[in-house]
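# Survey of secondary and tertiary structure
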Amino acid sequence: MPLLLTDFSWSQTLSDLHVQVPLKGATAAQVDFLLTERYLKVHFPPFLLELFLWQPVDPARSAARISGGVALLTLAKKSAAHWQQLTAAALDEEQRRAAREKALLEHQERTAARAAARAEKKQADRKFSLKTMMKLEGEQRDHIQQLKDQERARTSAELEAWREKRRERPEGSLACPGPNPRRSTPPPPEPEPPAPRVPGRILVSFTPRVFPTALRESRVAEEEEWLRKQAEARRAVGGDAAELRDLSEQERSPGWLKEKGDKCFAAGNFLAALNAYDLAVRLSPRLPALHSNRAACHLKLHNYHRAVESSSRALDLLTPEVRDNAAARARAHVRRGSAFCQLELFAEGLLDFQAALKIDPDNRALQCDAQKIRDIIQGTSAETHAGAC
């Protein structure tokens, strides 16, 4: 429910009323005015000023402006006289409601009349513009037609003058003229066509290419990378041709060999698993999982130098470092770190365990192993951390 505003002031002259309404911090966009002959409303949430005027005013000649946080309303009186009071005598609620409805109806009618007047004026302006355009186009057409008529009259006059001149010429003047000296001149001889060109051969040498496309249409870097991979595959298969000759097509698959190695490792047959991984690496040397699993086999067989080498190769292939290969990188770091520790290279092993912890910081086993290596490096006993691990 709005709050009724009472702290306004007013003054008058013989022809005008001046009402000052404090806006209490409201902006101009928040203020709404409604004025009819006997009703004034100023609304800016949550405040409302509602005045039922003592005498009628002229809304068309009235004005309102906002300055310095105050709304200044100038209401033009319909009759020049001094008012005894600003508002009418005390009205009951029913009279107020009727006055509001009447004021709203008057405001709507006035608004509709202004809209109709604007529409009528707009239509009149459109008709005027159309008439003006049609008048200009008519004048332009008349001017063009006038130019055409003048040109037609000039041409007709020239044609008539030519006919008159022909009629005035004697008949003997139409006799055949004498020989034309230009026609008596023989035409120049046609030039002889050039002799045929002597045939010959042009030897063209092309850049040797493995691919059928032209060099300018090829991507040299990608093609060289493809050729390098093909050469590595041929060397891998050709070097072990005697060993692979007795294998079936299934046994030559790196995926099948990896599954075979995994089963042998799970069964504890680490040497058979290592042989399977070795053969798979020969067939597909760029699979990081094969090198990492081979490092695990070397750890079990106490081949620690080979374990370091295979783990390092796996980490080289696990690039770029993305979320999908995080687990594989962590395993490779742990296996290389374990091999370093078995070789008593504890500082290098700690670096690998710390790298694994960066990938999996919540792994409790990795935290305990890293702490044990720190204790060994610092020369303290690992038993002080046994309870925590």
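One structure accompanies this document, and this report is about it. (Residues numbered from 1 in each chain as written. Predicted model: local features only at pLDDT ≥ 70, side-chain atom pairs only at ≥ 80, totals over all residues. Heavy atoms only, no water.)

This next bit is on the overall build of the protein. The helix and strand inventory of the protein stands at ten helices and eight strands. The buried share among the 389 residues of the protein stands at 24%. Long-range contacts, defined as pairs at least 24 residues apart, comprise 49% of the intrachain contacts of the protein with a sequence gap of at least 6. (Helix = DSSP H or I, 4+ residues; strand = E, 2+ residues; numbered from the N terminus. Buried < 20%, exposed > 50% of the residue type's maximum accessible area, 1.4 Å probe, protein only. Contact = heavy atoms within 4.5 Å.)

Right, let's talk about the packing of helix 6 (residues 288-300) against helix 8 (residues 326-342) for a bit. Put simply, helix 6 and helix 8 touch, their axes get as near as 10 Å, and they point 30 degrees apart. Classified by the interaxial angle, the pair formed by helix 6 and helix 8 is roughly parallel. Taken as a pair, helix 6 and helix 8 cross one another with a handedness that is left-handed. Here Ser 292, Asn 293, Ala 296 and Leu 299 of helix 6 lie close against helix 8, whose contacting residues are Ala 332, Arg 335, Ser 338 and Ala 339. Its residues assigned to classes, the contact of helix 6 with helix 8 shows four nonpolar, three polar and one charged. (Axes fitted to C-alpha atoms, helices over the stretch in contact; angles between N-to-C directions. Parallel < 35°, antiparallel > 145°, perpendicular 65-115°, else oblique. Left-handed = near helix turned anticlockwise from the far one by under 90°. Nonpolar A, V, L, I, M, F, W, Y, C, P; charged D, E, K, R; others polar.)

With that settled, the discussion passes to the environment of Ser 62. Residue placement: Ser 62 occurs in strand 7 (residues 57-67). Taking the C-alpha atoms as reference points, Ser 62 and Lys 77, separated by 15 residues in sequence, lie 8.7 Å from one another. Setting aside chain neighbours within four positions, we find Ser 62 in contact with Leu 35, Thr 74, Leu 75 and Ala 76. Among the polar contacts made by the side chain of Ser 62, one reaches the main-chain carbonyl oxygen of Asp 58 at a distance of 2.7 Å. Side-chain polar atoms of Ser 62 contact the backbone nitrogen of Ala 76, separated by 3.1 Å. (Polar contact = N/O pair within 3.5 Å; in protein donor to acceptor, adjacent residues only side chain to side chain.)

Right, let's get into the packing of helix 9 (residues 346-359) against helix 10 (residues 364-378). Two elements in contact, helix 9 and helix 10, have axes whose closest approach is 10 Å; the angle formed by their N-to-C orientations is 155 degrees. Here helix 10 runs roughly antiparallel to helix 9, going by the angle between their axes. Our pair here, helix 9 against helix 10, has a crossing hand that is left-handed. Every residue of helix 10 that contacts helix 9 at Phe 346, Ala 347, Leu 350, Phe 353, Gln 354, Ala 356 and Leu 357 is listed here: Leu 366, Gln 367, Asp 369, Ala 370, Ile 373, Arg 374, Ile 376 and Ile 377. Broken down by class, the residue content of the contact of helix 9 with helix 10 amounts to eleven nonpolar, two polar and two charged.

One open sheet accounts for four strands, arranged 2-3-8-7; its pairing is antiparallel. Each edge of the open sheet is held by one strand with a lone partner, namely strand 2 (9-12) and strand 7. Neighbour-to-neighbour, the strand axes of the sheet open up by a mean angle of 15 degrees, direction not taken into account. The pairing of strand 3 (residues 16-22) with strand 8 (residues 70-77) spans seven bridges and is classified as antiparallel. Note that in strand 8 the partner of Pro 22 across the bridge is Val 70. (Pairing = 2+ DSSP bridges.)

Below, the discussion takes up the sheet that holds strand 5 (residues 39-44). Within the open sheet, the four strands sit side by side as 1-6-5-4. Their pairing is mixed. Looking along the sheet, the strands with just one partner apiece sit at the ends: strand 1 (3-4) and strand 4 (32-35). Relative to strand 6 (residues 47-52), strand 1 runs parallel, the two being bridged by two bridges. Note that in strand 6 the partner of Leu 4 across the bridge is Leu 48. Across the sheet, helix 1 (residues 93-168) lies against strand 4, strand 5 and strand 6, angled at about 95 degrees from strand 6, the strand it touches most.

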